[in-house]
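Fold and geometry: a report
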Amino acid sequence: MTDTNQEHMSEPFRAGFATFVGRPNVGKSTLMNALVGEKIAITSPKPQTTRRAVRGIVHRDAGQLIIVDTPGVHRPRTLLGERLNDLVASTLSDVDVIGFCVPAGEPIGPGDRFIAEQLNEAPRAKKIALVTKAETVTKAELGDQLLAVSMIRDDWEAIIPVSAVDGIHLETLVTEMLALMPESEPLYPADMITEESFDQRAAELVREAALDGVRDELPHSIAVTIEDIVEREDDDDTREVYANLIVERESQKGIVIGHGGSRLKSVRERAQREIQEISEGRIILSLRVKVAKEWQRDPKQLGRLGF
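Analysis parameters
Residues numbered from 1 in each chain as written. Predicted model: local features only at pLDDT ≥ 70, side-chain atom pairs only at ≥ 80, totals over all residues. Heavy atoms only, no water. Axes fitted to C-alpha atoms, helices over the stretch in contact; angles between N-to-C directions. Helix = DSSP H or I, 4+ residues; strand = E, 2+ residues; numbered from the N terminus. Parallel < 35°, antiparallel > 145°, perpendicular 65-115°, else oblique. Left-handed = near helix turned anticlockwise from the far one by under 90°. Contact = heavy atoms within 4.5 Å. Nonpolar A, V, L, I, M, F, W, Y, C, P; charged D, E, K, R; others polar. Expected span 1.5 Å × (residues − 1). Buried < 20%, exposed > 50% of the residue type's maximum accessible area, 1.4 Å probe, protein only. Lys, Arg positive; Asp, Glu negative; His and termini not counted. Salt bridge = Lys/Arg side-chain N within 4 Å of Asp/Glu carboxyl O. Polar contact = N/O pair within 3.5 Å; in protein donor to acceptor, adjacent residues only side chain to side chain. Pairing = 2+ DSSP bridges. Right-handed = clockwise from strand over helix to strand, strands pointing away.

Before going further, it helps to examine the packing of helix α7 (residues 198-211) against helix α10 (residues 262-277). For the pair α7 and α10, interaxial distance at closest approach is 8 Å and the crossing angle is 140°. With respect to α10, the axis of α7 lies oblique. Along this stretch, α7 crosses α10, giving a crossing that reads as right-handed. Contacts from Phe198, Ala202, Leu205, Val206, Glu208, Ala209 and Ala210 of α7 reach α10 at Arg263, Val267, Arg270, Ala271, Glu274 and Ile275. Its residues placed into classes, the contact of α7 with α10 shows nine nonpolar, no polar and four charged.

What follows is the structure, encoded as C-alpha cells:
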C-alpha cells in the first residue's frame, strides 16, 4: 500500500453544522437544496420566504454537513419579523461554519456590510464568503465581485464563487466546509436528508405555490397549516392531505382564491404535484382559505402557527 493511500485512509471523519447568511434572495435556500440533492427548503423571489430553521444533511465519504437554512436578515416591521431575526441570531451562535452570501451580479451595499458585521456576534464559527449566482455574470465581473467581497472582512477562511443552478464549485464548497468541521462520528443516519416531517414539508410546498404571482404585502401575510392527513380506506396507496391557507384580511382571501376559484385551483394543482414528489403513494390535496386577523403581530396566533 502506498503512503498516499495510507494518508487517505487515516483522514478523520468530520461532521458539523453550517448556515448560509445574507440579504433576502441571495440564493441561500437554492444552494442548500443543490448541495443536499433534493428540495428541502422552498424557494421564491419573494423576500422572507424562509421562516424556520430547516436542516438539510449532506453526506460524503469524508464527513457529514448539516446545513441550517434560515430567514434572510432584515429590518423587522412585525413581531414575526423580530422572531425571524432572533432565529437567525440563535442559529449563528450554534453553527461551526457560516457562509456569507452575496450575489455575483449585485453591488455590495449597506445591507451586506451590516450582515457581515453581525458575524462578529458568532466568534466561534469559521467564516467563508460565497459569491452566489456565478452563472449570471462574465468572468471579469465575477473577479471584481470576489475582490470586493474579500475586502469586507479580513478573516475569511475561503472565498468561493458558486452556482446552484449550473453546479459551479459546489463540490469545492462541500470540501472546504468539511475541512473546517470538527472531527466527529456521523450525526445522522446515512439515508436521512432532513429532520423535516412530511407534514412540515407539505405545508411549505403549499405556501411556495401560493406565493407564486402574489404582490405587495400579501406574501408576508400567507401561512399554511396541515389540518389532517387521511389514508383512504378504499386505497392504501392514496393519502388525502387537508391544508389551510391562512391570510390576514378578507380582501386577501379573495386575491388568493381568484376569480371563480381559478387561482386557488392552480395553487392546489401545483402544490399537489410538488407534494407527490416527496410522497411514496398518491396524494390528493384539499385547500381551504382562512382569515386570521393580523396574525404576524399577534403572539398567540404566531404561537399557534409555530413561530
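Next, the rest of the story.
Spanning 16 residues, α10 covers 23 Å between terminal C-alpha atoms, matching the ideal 22 Å at 1.5 Å per step. Of the surrounding elements, those touching the buried residues of α10 are α7, β8 (238-247), α9 (250-257) and β9 (282-291).

Moving on, we get to the side chain of Lys127. Its location among the elements puts Lys127 in strand β5 (residues 126-132). Within the buried core, Lys127 has no salt-bridge partner, and the shortest N-O distance to an opposite charge, that of Asp155, equals 4.6 Å. Side-chain polar atoms of Lys127 contact the backbone oxygen of Ala122, separated by 2.7 Å. The contacts of Lys127, once residues within four sequence positions are left out, are Ile98, Leu119, Ala122, Arg153, Asp155, Trp156, Glu157 and Ala158.

With that settled, consider the pattern of salt bridges. This structure, assessed with the given rule, holds 15 salt bridges. Residues Arg23 and Glu106 are paired through a salt bridge, measuring 3.2 Å at the closest nitrogen-oxygen approach. Of this pair, Arg23 sits in the loop between β1 (14-21) and α2 (28-36) while Glu106 sits in the loop between β4 (97-103) and α4 (110-118), and the two are 83 residues apart along the sequence. Residue Asp112 pairs with Arg23 through a salt bridge whose shortest N-O separation is 2.8 Å. Taken as a pair, Asp112 in helix α4 and Arg23 in the loop between β1 and α2 lie far apart in primary sequence, 89 residues in all. What emerges from the salt-bridge pattern is a single network uniting Lys39, Glu208, Asp212, Arg270 and Glu274.

This next bit is on the pairing of strand β6 (residues 156-161). Where β5 and β6 come together, four bridges link them in parallel fashion. By the bridge assignment for β6, Val131 is matched with Pro161. With helix α5 (residues 139-150) bridging β5 and its parallel neighbour β6, the resulting β-α-β unit is right-handed.

In this section: the packing of α9 against α10. Interaxial distance between α9 and α10 falls to 5 Å at its minimum, and their mutual angle equals 65°. Listed contacts from α10 to Ile255, Val256 and Ile257 of α9 are Ser262, Arg263 and Leu264. Its residues assigned to classes, the contact of α9 with α10 comprises four nonpolar, one polar and one charged.

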